[in-house]
Amino acid sequence: MAKRWYSLLTVALLVAGVLLPASPAAAAPTFKVPFPCGQTWSGQTRTDHSPAYAVDFNRTDDLGDPVVASAPGTVDRVTDLGGTSYGKYVRIDHGGGYTTYYAHLNGFNVSVGQSVGYGKVIGWVGSTGGSTGPHLHYEQRLNGNDIQVRFNGSLALYWGTKSYTSGNGCSSSTGSGTVNTSGTALTVRSGPGTGYDAVGTVADGTRVTIYCQTSGTSVTGTYGTSSIWDRIGTGRYIADAYVYTGHDGYIPNVPRC
């Protein structure tokens, strides 16, 4: 009898595991090419790379060229492995489990704990560690696992070589708005939707800077029903239906996330 009840419980747990929806992951940052605005670099992916989804970047006479943060975040590792592996490398924590790696650097321009934004120079192209020539080894990871690289939401070429032109650190406009909830604090989500984790609140009447806008869960708020969500920080989104921006819909000149 005990075995029978154990079997039934096992089946029930398995069914529950299949049927219960998983919590949505935090929205990925908008990663950009890790070089200054307007530069074009050749990015190579190959099946025998380690890790597999890393991109190697090159251009003519690139030794010492600046490498910049591909998205806002906090530097959590500045390491020199000497003549092995990544050599001199930087890791940036972007929140929500997302990190980026910049390896084989010639030198560092940041320190652990430093906050960085788009276009911030973090180091220079080198050939340290196990490198056989100057280049930048670049990775995007989620919860420690390498993932296929995306720039501005578009998947990098797998497998082969492609030219990428950077829009990183170029002049861009931000918007602003005022939260209007008739007194109730507005929930801040980790992604553009009500199914994402709550990561804080914004008080009624708060003036917020809007870095980009995107579509997500439709919400009915103070200003009607809208599927627009405003990013007010890294991994921080609020429903536009509760924000007075002076525009009916997307704000002109504010980028899409």
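Rules of the game
- Residues numbered from 1 in each chain as written.
- Predicted model: local features only at pLDDT ≥ 70, side-chain atom pairs only at ≥ 80, totals over all residues.
- Heavy atoms only, no water.
- Helix = DSSP H or I, 4+ residues; strand = E, 2+ residues; numbered from the N terminus.
- Buried < 20%, exposed > 50% of the residue type's maximum accessible area, 1.4 Å probe, protein only.
- Areas by Shrake-Rupley, 256 points an atom, 1.4 Å probe, with all protein chains shown as cover.
- Pairing = 2+ DSSP bridges.
- pLDDT = per-residue confidence, 0-100.
- Contact = heavy atoms within 4.5 Å.
- Salt bridge = Lys/Arg side-chain N within 4 Å of Asp/Glu carboxyl O.
- Axes fitted to C-alpha atoms, helices over the stretch in contact; angles between N-to-C directions.
- Phe/Tyr/Trp six-rings, centres within 6.5 Å; stacked < 30°, edge-to-face > 60°.
- Polar contact = N/O pair within 3.5 Å; in protein donor to acceptor, adjacent residues only side chain to side chain.

**Here we look at the overall build of the protein**
At step 1: The secondary structure content of the protein amounts to one helix and 22 strands.
At step 2: For the protein, with 257 residues in total, the buried portion stands at 40%.
At step 3: As displayed, the protein offers around 12,700 Å² of accessible surface, 51% of which is attributable to carbon and sulfur atoms.

**Notes on the sheet that holds strand S18 (residues 207–210)**
At step 1: One open sheet accounts for three strands, arranged S18-S15-S22; its pairing is antiparallel. Two strands in the sheet have a free side with no partner beyond their single neighbour: S18 and strand S22 (243–244).
At step 2: Sheet topology places strand S15 (residues 175–179) next to S22; two bridges connect them, and they run antiparallel. Paired with Val 179 across the bridge in S22 is Val 243.

**Focus on unusual backbone geometry**
At step 1: Cis rather than trans, the peptide bond between Ser 50 and Pro 51 has omega equal to -5 degrees.
At step 2: By the secondary structure assignment, Pro 51 is in the loop between strand S1 (40–45) and strand S2 (55–58).
At step 3: Here the bond from Tyr 158 into Trp 159 is cis, since omega is 5 degrees, no more than 30 degrees from zero.
At step 4: Assignment of secondary structure puts Trp 159 in the loop between strand S13 (154–155) and strand S14 (160–165).

**Structural notes on the confidence of the model for the protein**
At step 1: Per-chain confidence: the protein averages 89 in pLDDT, with 89% of residues scoring 70 or above.
At step 2: Counted against residues more than four places away or in other chains, residues 1–23, with its pLDDT under 50, gives zero contacts.

**What to know about the pattern of salt bridges**
At step 1: Within the structure shown, the criterion is met by five salt bridges.
At step 2: With a closest N to O distance of 3.2 Å, Arg 46 and Asp 48 form a salt bridge.
At step 3: With a relative accessible area of 28%, Arg 46 lands in the partly exposed category.
At step 4: Given a relative accessible area of 61%, Asp 48 falls into the exposed group.
At step 5: Across the pair Arg 91 and Asp 76 runs a salt bridge, and its minimum N-O distance is 3.0 Å. With Arg 91 in strand S5 (residues 88–95) and Asp 76 in strand S4 (residues 73–80), the pair connects residues that are 15 residues apart, well separated along the chain.
At step 6: Overlapping salt bridges, with partners in common, bring together Arg 46, Asp 48 and Asp 56 in one network.

**Looking at the sheet that holds strand S3 (residues 66–68)**
At step 1: The strand order S3-S9-S7 describes an open sheet built from three strands, whose pairing is antiparallel. The open sheet has two edge strands with one neighbour each: S3 and strand S7 (105–108). When strand polarity is set aside, the average angle formed by the axes of neighbouring strands in this sheet is 35 degrees.
At step 2: As judged from the three bridges shared by S3 and strand S9 (residues 121–125), these two strands associate in the antiparallel manner. Looking at S9, one finds that Pro 66 is bridged to Trp 124.

**Overview of the packing of aromatic side chains**
At step 1: Under the criterion given, the structure shown has 16 aromatic pairs.
At step 2: When the ring of Phe 35 is compared with that of Phe 57, the centres are 5.4 Å apart and the planes differ by 80 degrees; the resulting orientation is edge-to-face. Within this pair, whereas Phe 35 is found in the loop between helix H1 (2–19) and S1, its partner Phe 57 is found in strand S2, the two being separated by 22 residues in sequence.
At step 3: A centroid spacing of 6.0 Å and a plane angle of 75 degrees characterise the contact between Phe 57 and Tyr 164, whose relative ring orientation is edge-to-face. Note that Phe 57 is positioned in strand S2 and Tyr 164 in strand S14, a separation of 107 residues in sequence.

**Let's talk about the side chain of Ser 166**
At step 1: Its location among the elements puts Ser 166 in the loop between S14 and S15.
At step 2: Owing to a relative accessible area of 5%, Ser 166 belongs among the buried residues under this scheme.
At step 3: A distance of 3.4 Å separates a polar side-chain atom of Ser 166 from the backbone oxygen of Pro 36.
At step 4: The residues contacting Ser 166, other than those within four sequence positions of it, are Val 33, Phe 35, Pro 36, Cys 37, Gly 38 and Gln 39.

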